[in-house]
Amino acid sequence: MGGSIPRPPPKAGDLSNFGKINKFGPVVMGPSIVWAGKKDAAKRDSTLTRVNSSSNMFTMLDQDGEAMAGTSSQPSQQPRSTDLNTGGTAEPQRKKLQFLARLKFLEEENKIDGDSPGRSGGGGDDYASRVIFEAEANKRITEDIKEFFSVRNIDKSEEYFTKLPSEYHHRLVDKMVSKAIESKEADGKLVADAFARAAEKNLCSISAFEEGFLPIAELLDDIAIDAPKAFQIMAIMMKGARLDKDEERRTRIAQKSIDSDNLLGLLA
């Protein structure tokens, strides 16, 4: 009873033990020896991989440490610049401060010059000419031209010259001439009356009048194709600005046109 007696192998053709389970023998589900071998191999590979990766990691650390040590032992070829004007974020702020300081200086300078005795033209006009920006001046001129040809008031035209800085007067003259040159003769006479008032009260200089007429004089021949009375209207407006009295200036303006003799004859 102490040990199990092995069952003799069945004889050929003996089916008496078919379907019976041997309780004493081990149950084998498959070729476990195959899987066991693979597990052992995987363990060995994993162990080797960990060893190799560990050794590679330490090797790389040693190499990086040596490279860093070698680099730190050499002096830097490009020392850091401490000049804030050549880089960094201080440059925009520095430019802004310089601009504000310059603007403040101009403001104080104009206030002093405006109060100085013997200054021609008044300090207010010079100060206004510096602080009014280009876009604002053009916007004001556009609005004045639209109003002038709408209300057709000569007294109102005086304000266009007095409120506009003198350095922009030639642009006002140019816009008024450009508007009237392709229009009716009545518009030319209206502009001529406004120029005569400005010239009489010294609201606009003779040089500003000349500069304002020159761009239109260059296009006068082309304009005359669609506006046959362009030369006549041009002469009317030039007479209002008293440019016909200045032979040198009227000649310079007329020479911008191909048919300069025609214009000079109308101004005579």
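That block above? That's the structure.
So, here's what we can say about the structure. (Residues numbered from 1 in each chain as written. Predicted model: local features only at pLDDT ≥ 70, side-chain atom pairs only at ≥ 80, totals over all residues. Heavy atoms only, no water.)

Examining the packing of helix α6 (residues 169-181) against helix α8 (residues 206-226)
Basically, it comes down to this: Lines fitted to the C-alpha atoms define the axes, with helices restricted to the stretch that makes contact. Angles between their N-to-C directions range from 0 to 180 degrees. Comment: elements are numbered from the N terminus, with helices defined as DSSP H or I runs of at least four residues and strands as E runs of at least two. Put simply, angles under 35 degrees are roughly parallel, angles over 145 are roughly antiparallel, angles from 65 to 115 are roughly perpendicular, and the rest are oblique. Crossing chirality is assigned from the near helix's rotation relative to the far helix, an anticlockwise turn below a right angle marking it left-handed and a clockwise turn marking it right-handed. We call two residues in contact whenever any of their non-hydrogen atoms come within 4.5 Å of each other. Each residue is assigned to one class: nonpolar for Ala, Val, Leu, Ile, Met, Phe, Trp, Tyr, Cys and Pro, charged for Asp, Glu, Lys and Arg, and polar for all the others, Gly among them.
Running from amino to carboxyl end, α6 crosses α8 at an angle of 30 degrees, the nearest separation of the two axes being 7 Å. Between α6 and α8, the crossing angle belongs to the class labelled roughly parallel. Crossing hand, α6 versus α8: right-handed. Here α6 contributes H169, H170, V173, D174, V177, S178 and I181 to the contact with α8, which in turn contributes A208, F209, E211, G212, F213, P215, I216, L220 and I223. A breakdown of the residues in the contact of α6 with α8 according to their chemical character gives 10 nonpolar, four polar and two charged.

Concerning the packing of helix α9 (residues 230-240) against helix α11 (residues 260-267)
Direction vectors running N to C along α9 and α11 enclose 50 degrees, while the axes themselves pass 9 Å from each other. On the basis of the axis angle, α9 is oblique to α11. Considering only the axes of α9 and α11, their crossing is right-handed. Between α9, through F231, Q232, M234, A235, M238 and K239, and α11, the contact on the second element is made entirely by N262, L263, L266 and L267. Taken together, the residues of the contact of α9 with α11 break down into seven nonpolar, two polar and one charged.

Description of the packing of aromatic side chains
The condition is simple: Stacked, tilted and edge-to-face are the three classes assigned to paired rings of Phe, Tyr and Trp, where Trp is represented by its six-membered ring and a pair needs centres within 6.5 Å; plane angles under 30 degrees give stacked, over 60 edge-to-face, the rest tilted. When accessible area is computed with a 1.4 Å probe and restricted to protein chains, residues below 20% of their type maximum are described as buried, those above 50% as exposed, and intermediate ones as partly exposed.
Going through the model one piece at a time under the given rule, you end up with four aromatic pairs. With a centroid separation of 6.2 Å and an interplanar angle of 90 degrees, the aromatic rings of F148 and Y160 are classed as edge-to-face. Taken as a pair, F148 in helix α4 (residues 134-151) and Y160 in helix α5 (residues 154-162) lie far apart in primary sequence, 12 residues in all. Take F148: its relative accessible area is 0%, and that puts it in the buried class.

A short note on unusual backbone geometry
Residues other than glycine seldom take positive phi values, yet R152 does so here, at roughly 55 degrees. Secondary-structure assignment places R152 in the loop between α4 and α5. Note on R152: relative accessible area 37%, which makes it partly exposed. Of note in this structure, N202 is not a glycine but carries a positive phi near 55 degrees. Turning to its location among the elements, N202 is positioned in the loop between α7 (185-200) and α8. Taking the relative accessible area as the measure of exposure, N202 reaches 67% and is therefore exposed.

Quick look at the pattern of salt bridges
Pairing is possible between side chains of opposite charge, provided their charged atoms come close. Put simply, the rule is: In the sections that follow, a salt bridge refers to a side-chain nitrogen of Lys or Arg positioned within 4 Å of a carboxyl oxygen of Asp or Glu.
Counted by the stated rule, this structure contains 13 salt bridges. Here K156 ties to E159 by a salt bridge, and the two come within 3.2 Å at their closest N and O atoms. Of this pair, K156 and E159 both sit in helix α5, three residues apart, roughly one helical turn. Classification of K156 by relative accessible area gives partly exposed; the value is 26%. Linked through salt bridges whose partners overlap, the residues forming this network are E210, D246, E248, R249 and R252.

Some remarks on α6
Just so we agree on the cut-off: Multiply 1.5 Å by the residue count of a helix minus one, and that product is the helix's expected span.
Taking 1.5 Å per residue, 13 residues should reach 18 Å; α6 reaches 18 Å between its end C-alpha atoms and fits that length. Within the span of α6, buried status applies to H169, H170, L172, V173, D174, M176, V177, A180 and I181. Residues of α6 that are buried sit in contact with α4, α5, α7, α8 and α9.

Some remarks on α8
To keep things clear, this is the line we draw: Given a residue, its bend is the angle between the two axes fitted to the seven residues that end at it and to the seven that start from it.
Under the 1.5 Å per step criterion, the end-to-end length of α8 is 29 Å for 21 residues, consistent within 8% with the ideal 30 Å. Remark: the principal bend of α8, roughly 60 degrees, maps to L220. Those residues of α8 lying buried are A208, F209, E210, G212, F213, I216, A217, L220, D221, I223 and A224. Of the surrounding elements, those touching the buried residues of α8 are α6, α7, α9, α10 (247-254) and α11.

A few points about the environment of E158
By secondary structure assignment, the location of E158 is in helix α5. Classification of E158 by relative accessible area gives buried; the value is 17%. Placed 43 residues apart in sequence, E158 and K201 show a C-alpha to C-alpha distance of 9.0 Å. Excluding anything up to four places from it in sequence, E158 contacts R197, K201 and L203.

A look at the nonpolar core
Note the cut-off: We call a set of buried residues a nonpolar core when its members are Ala, Val, Leu, Ile, Met, Phe, Trp, Tyr or Cys and they connect through side-chain atoms within 4.5 Å of each other.
Counting residues in each nonpolar core, the largest one holds 46 residues, and the members touching the most others are F148, I181, F195, F209, F213, M234 and L263. Residue assignment for this core shows that the elements contributing at least two residues are α4, α5, α6, α7, α8, α9, α10 and α11. Among the elements that make up this core, the one with the highest residue count is α8 (eight residues). The contacts of L263, once residues within four sequence positions are left out, are L220, F231, M234, A235, M238 and A254.

Shape descriptors only; they carry no functional weight alone.
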